[in-house]
Amino acid sequence: MSFTIAIDGPAAAGKGTISKAVAAHFGFAHLDTGLLYRAVGAKTLTGLPAIEAARGLMAEDLENDALRTAEVAQAASKVAAIPEVRAALVDFQRAFARRAGGAVLDGRDIGTVICPEAQVKLFVTASDAVRADRRFAELAAKGADVTPEGVLQDLQERDARDSQRAAAPLTAAEDAVLIDTTDLSISAAVERAVAIVQKAGPPKGA
Ligand code: C5P
């Protein structure tokens, strides 16, 4: 039996952390759909046309630490605005969502476009300043050459592009539950998400 949890929101709001923790708590599989767009974006940086890259994407393309850079994030958000790129990635995401045993997918359009029938939809957000602080700390810890101002500008640019595009823009589904993590610790945010999922009655071992 399948049980799908859709978690959307802007960059660095805490979606990834919450998704992984919720998946671990309920024993569900987790797909970070941003990685699909990052992998396509990374390929365009080597000269491959975006649509071709999306249609030829392989599972092993997702296992690459270099996908986490700010440069790849910007490239991802550019290719993500191309409808043919998004279309090429739909089947894989829907199949993942329907897998037996339960699935958590996080991204920008999971509750609105990929899995409008998801049993639980969360929209995770936080203030720009807090999101930029978190992303700066994450990138700086990895030794990236970044400044707090640069990271903030990068996030705002990406959010604007993601929210304003015509194809599957970043927006909360009408029936999504909002979690604002601005003033929440990681454990408090995870607790809130787990409680919301629990209320929806996930079948044991889905
Ligand atoms: O989540 P992450 O920051 O890794 O996503 C990188 C980019 O991929 C986003 O800025 C967005 O443009 C795109 N994306 C998307 N739809 C998703 C997931 C990510 O358009 N479901």
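First things first, this report covers the structure right here in the doc.

What counts, and at which threshold
Throughout, residues of each chain are indexed from 1 in the direction in which the sequence is written. The predicted nature of this model means local features are confined to residues of pLDDT at least 70 and side-chain atom pairs, given and counted, to a pLDDT of 80 or more, with totals for whole chains, interfaces and linings taken over all residues. The side-chain quantities take in all heavy atoms of the structure and omit both hydrogens and water. Secondary structure elements are taken from DSSP: a helix is a run of H or I of four residues or more, a strand is a run of E of two residues or more, and numbering for both begins at the N terminus. With C-alpha atoms as the basis for the radius of gyration, the globule rule is written as 2.2 Å multiplied by the number of residues raised to the power 0.38. Remark: exposure states derive from per-residue accessible area (1.4 Å probe, protein chains only) relative to the maximum for the residue type, with buried under 20%, exposed over 50%, and partly exposed in between. Throughout, a residue-residue contact means that at least one pair of heavy atoms, one from each residue, lies within 4.5 Å. The Shrake-Rupley method, run with a 1.4 Å probe sphere, supplies the accessible areas, and residue values consider only the shown protein chains as cover. This count recognises Lys and Arg as positive and Asp and Glu as negative, with His and chain-terminal groups excluded. Here the site of a charge means NZ on Lys, CZ on Arg, CG on Asp, or CD on Glu. Consider each residue's heavy atoms; a residue with any of them within 4 Å of a molecule or strand counts as near. In the analysis that follows, any N or O atom pair within 3.5 Å is treated as a polar contact, provided that within protein one partner can donate a hydrogen and the other can accept it, and provided that, for residues neighboring in sequence, both atoms belong to side chains. Note that Gly is not counted as nonpolar here; it falls among the polar residues with everything else outside the nonpolar set of Ala, Val, Leu, Ile, Met, Phe, Trp, Tyr, Cys and Pro and the charged set of Asp, Glu, Lys and Arg. Note on definitions: angles span 0 to 180 degrees between N-to-C directions of axes, and those axes are lines fitted to C-alpha atoms, for helices only across the stretch in contact. Note on terminology: angles under 35 degrees are roughly parallel, angles over 145 are roughly antiparallel, angles of 65 to 115 are roughly perpendicular, and the others are oblique. Two helices cross in a left-handed way if the nearer one is turned anticlockwise from the farther one by less than a right angle. They cross in a right-handed way if the turn is clockwise.

**A closer look at the overall build of the protein chain**
A tally of regular secondary structure across the protein chain gives nine helices and five strands. Over its C-alpha trace the protein chain gives a radius of gyration of 16 Å, about what one expects of a compact globule, namely 17 Å for 206 residues. Evaluated residue by residue, the protein chain yields a buried proportion of 47% over its 206 residues. Across the protein chain, contacts joining residues at least 24 apart in sequence account for 79% of those joining residues at least 6 apart. As presented, the protein chain carries roughly 9,900 Å² of accessible surface, and 54% of it is formed by carbon and sulfur atoms. For the protein chain, the centre of its 23 positive side-chain charges and the centre of its 27 negative side-chain charges are spaced 4 Å apart.

**Let's talk about the site of the ligand**
By nearness alone, 14 residues border the ligand, and Arg-38, Arg-86, Arg-158, Asp-162 and Arg-165 come closest of all. Within the side chain of Arg-158, a nitrogen or oxygen atom sits 2.8 Å from an oxygen atom of the ligand. Within the complex, the protein chains bury 97% of what would otherwise be the 460 Å² of accessible surface of the ligand. Where the shell around the ligand is concerned, the elements lending two or more residues are α2 (34-45), α4 (70-79) and α8 (148-164). Considering every element that reaches the shell around the ligand, the biggest residue donor is α2, with three residues. Across the shell around the ligand, the residue classes tally to three nonpolar, four polar and seven charged.

**Comments concerning the packing of α2 against α4**
Running from N to C, α2 and α4 cross one another at 100°; their axes reach a closest spacing of 7 Å. When the interaxial angle is binned, α2 and α4 end up roughly perpendicular. Here α2 contributes Tyr-37, Arg-38, Val-40, Gly-41, Ala-42, Thr-44 and Leu-45 to the contact with α4, which in turn contributes Glu-71, Val-72, Ala-73, Ala-75, Ala-76 and Val-79. When its residues are assigned to classes, the contact of α2 with α4 shows nine nonpolar, two polar and two charged.

**Regarding the environment of Arg-68**
On the secondary structure map, Arg-68 appears in the loop between α3 (50-55) and α4. Looking at Arg-68, the relative accessible area reads 36%, which means it is partly exposed. A C-alpha to C-alpha distance of 20 Å links Arg-68 and Val-104, two positions 36 residues apart in sequence. If we ignore the near neighbours within four places in the chain, the residues touching Arg-68 are Asp-32, Leu-35, Arg-38, Leu-139 and Lys-142. Of note is the side chain of Arg-68, whose polar atom sits 2.8 Å from the side chain of Asp-32.

**Remarks on the side chain of Arg-135**
Assignment of secondary structure puts Arg-135 in helix α7 (residues 128-141). Residues contacting Arg-135, with those up to four places away along its chain left out, are Ala-12, Arg-38, Val-151, Leu-155 and Arg-158.

**Observations concerning the packing of helix α1 (residues 15-26) against helix α9 (residues 186-199)**
Relative to each other, α1 and α9 sit at 50°, their axes nearing to 9 Å. Considering their axes alone, α1 and α9 lie oblique with respect to each other. Taken as a pair, α1 and α9 cross one another with a handedness that is right-handed. Across the interface between the two elements, Thr-17, Ile-18, Ala-21, Val-22, His-25 and Phe-26 from α1 touch Ile-186, Ala-189, Val-190, Ala-193, Val-194, Val-197 and Gln-198 from α9. Residues belonging to the contact of α1 with α9 are distributed by class as follows: 10 nonpolar, three polar and no charged.

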